[in-house]
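Residue-level structural notes
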Amino acid sequence: MRSKTLEKSSHSEDVKKGQVILAAYVILTLDLTFVFMQMGVMPYLANSIGLDTVGFGYLQTTFGVLQLVGGSIFGRFADKFGARAALILSCVSGSAFFLLMSISTSIPILFLSRLPAVFMHGLPGAQKVITDMTTPSQRADALGKLGLCFGIGMIIGSVLGGVLSTKFGLRVPCFLPSTYINTLLISMSSSIGTSQSGSVFSIKEILRLMKFPGVMEVFIVKVFAGLPIGLFLIMFSIISMDFFGLEAVESGYLMSYFGVLQMVVQGLVIGKLTSRCTEMTLLKLSVFVFAGVGLGMALMRTVWHYCIIAVPLVFAFSTLGTITDSILTKAVPSSDTGTMLGICASVQPLTRTVGPTIGGVLYKHFGVSSFGYLQLILNIGLFVYLLKSKIPLTEMKS
């Protein structure tokens, strides 16, 4: 009788965890949909109030710096107050961000609208929920499925942004997401995360995590393996016009193609691979594939070549991101997973901050092939490093 009671209790707890994870997926999908809605209209809105190309670059850099600064702080906040509070903070910040954008009638207000971005971190918030609600063996698969949210948000958000701006004006795709604080009504049926002492703004606590066995090594691979591709993607709007000769509509189709690829890879492929291969094997595989992608990009000449290269590119990018996040969250205590996810989330803003300058120099002086050669050289070096070194990973139990 007692055994049946325990079994029933365990089943009920599993169902509750499943509902919480589903809620996190839904919130992230909405978050990304709204982000991509405004991304499509942002250049036109900035131009309509008199911001030139240089000024728009400064605006993007401001956004990147704020996200970079806020990532680790947001992670510490999630550890201290729980993932639920962190998601609420992200949603409220997003509402303020989109509301300020929708009422931007001057350049100063437009720059002011970037400030709430410091705490807009829906992805790390959702990842924190996943790490709290899953066992280590389930984690990589569950984190990989967040890619489905990204793909859906990219496709639906891009389409909605274009339709709404065409029919109702440029500010509507910005104003509509400002009401998305309503996503907080999605009930997360149990308390997520724990509270602990310590300051949210402790740099010492953030640096402490890098001293755990294997963390620094894996984090270095995470940063540098995809850096050249990140620089290429930052410059892609210019490359698509100058190098590929694409129109705006064709660039939109290409983005949708990437969204579909990411949904397939992260939603279907990564989960199956994690059940058959170790995470270190998949990490080495992603770096090796990245090296091949670099060679393909160095030889690339047409947009059709790029569409072919995109398949291994998306696979390597998705696998690297998912596996490194999984490894790093297992390598630190469960009370510090939010901080670690915040540090991981800072990689993209860091690339976005330095990317326009470095990417611009590479493209101007060495052409598109330079991104490919840099990608090839870096990843060959990282692959040899992973083969020769024995990274001391220890799975933390508490």
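Per an unreviewed UniProt entry, the chain carries the name Organic cation transporter-like protein 2 and comes from Nestor notabilis. The heading Function (unreviewed entry) in the UniProt record of the chain holds the text "May act as a transporter of organic cations based on a proton efflux antiport mechanism. May play a role in the transport of chloroquine and quinidine-related compounds in kidney. Plays a role in the regulation of lipid metabolism." Note on the chain: under the UniProt heading Subcellular location (unreviewed entry), the record states "Apical cell membrane".

Structural notes on the pattern of salt bridges
All chains considered together, the criterion is met by two salt bridges. A salt bridge links K222 to D325, with the nearest nitrogen and oxygen atoms 3.0 Å apart. Residue K222 is located in helix 10 (residues 215-225), and its partner D325 is located in helix 15 (residues 303-330); the two are separated by 103 residues in the primary sequence.

Side note on the packing of helix 5 (residues 122-133) against helix 6 (residues 136-144)
In contact at an axis separation of 9 Å, helix 5 and helix 6 are set at 155 degrees when each is read in the N-to-C sense. Classified by the angle between their axes, helix 5 and helix 6 sit roughly antiparallel to one another. For the pair helix 5 and helix 6, the sense of crossing is right-handed. Where helix 5 approaches helix 6, its residues Q127, I130 and T131 are matched on the opposing element by R139, A142 and L143.

Topic: the nonpolar core
In this structure, F232, Y306 and F371 are the most contacted members of the largest nonpolar core, which totals 57 residues. By residue number, the principal contributor to this core is helix 15, which donates 13 residues. Excluding its chain neighbours within four sequence positions, the residues that come into contact with F232 are I239, M297, M300, Y306, V368 and F371. If you look at the next biggest cluster of nonpolar residues, it comprises 19 residues, including M42, L45, M120 and C174.

Quick look at helix 3 (residues 83-102)
Spanning 20 residues, helix 3 covers 29 Å between terminal C-alpha atoms, matching the ideal 28 Å at 1.5 Å per step. Residues A83, A86, L87, S90, C91, S93, G94, S95, F97, F98, M101 and S102 constitute the buried set of helix 3.

Considering the side chain of S102
Along the chain, S102 falls in helix 3. Only 2.7 Å separates the side chain of S102 from the backbone oxygen of L99, close enough to count as a polar contact.

Remarks on the environment of D325
Residue D325 is classed as buried on the basis of its relative accessible area of 8%. Separated by 19 residues in sequence, D325 and C344 have C-alpha atoms that sit 7.0 Å apart. Non-local contacts of D325, meaning those with residues more than four positions away in its chain, are made with Q127, L143, K222 and C344. At 3.0 Å, the side chain of D325 forms a polar contact with the side chain of Q127.

Structural notes on the side chain of S113
Positionally, S113 belongs in the loop between helix 4 (107-112) and helix 5. A polar side-chain atom of S113 sits 3.4 Å from a polar atom in the side chain of R114. Excluding residues within four positions of it along the chain, S113 makes contact with F97, L100, M101 and S104.

Considering the environment of F224
You can see F224 is positioned in helix 10. F224 sits in the partly exposed class, given a relative accessible area of 36%. Put simply, F224 and L382 are 158 residues apart on the chain and 8.4 Å apart in space, counted from C-alpha to C-alpha. The residues touching F224, leaving out its near neighbours within four places in the chain, are L378 and L382.

The rules behind each value
- Residues numbered from 1 in each chain as written.
- Predicted model: local features only at pLDDT ≥ 70, side-chain atom pairs only at ≥ 80, totals over all residues.
- Heavy atoms only, no water.
- UniProt positions renumbered as here; feature names shortened; annotations may be inferred.
- Salt bridge = Lys/Arg side-chain N within 4 Å of Asp/Glu carboxyl O.
- Helix = DSSP H or I, 4+ residues; strand = E, 2+ residues; numbered from the N terminus.
- Axes fitted to C-alpha atoms, helices over the stretch in contact; angles between N-to-C directions.
- Parallel < 35°, antiparallel > 145°, perpendicular 65-115°, else oblique.
- Left-handed = near helix turned anticlockwise from the far one by under 90°.
- Contact = heavy atoms within 4.5 Å.
- Core = buried A, V, L, I, M, F, W, Y, C linked by side-chain atoms within 4.5 Å.
- Buried < 20%, exposed > 50% of the residue type's maximum accessible area, 1.4 Å probe, protein only.
- Expected span 1.5 Å × (residues − 1).
- Polar contact = N/O pair within 3.5 Å; in protein donor to acceptor, adjacent residues only side chain to side chain.

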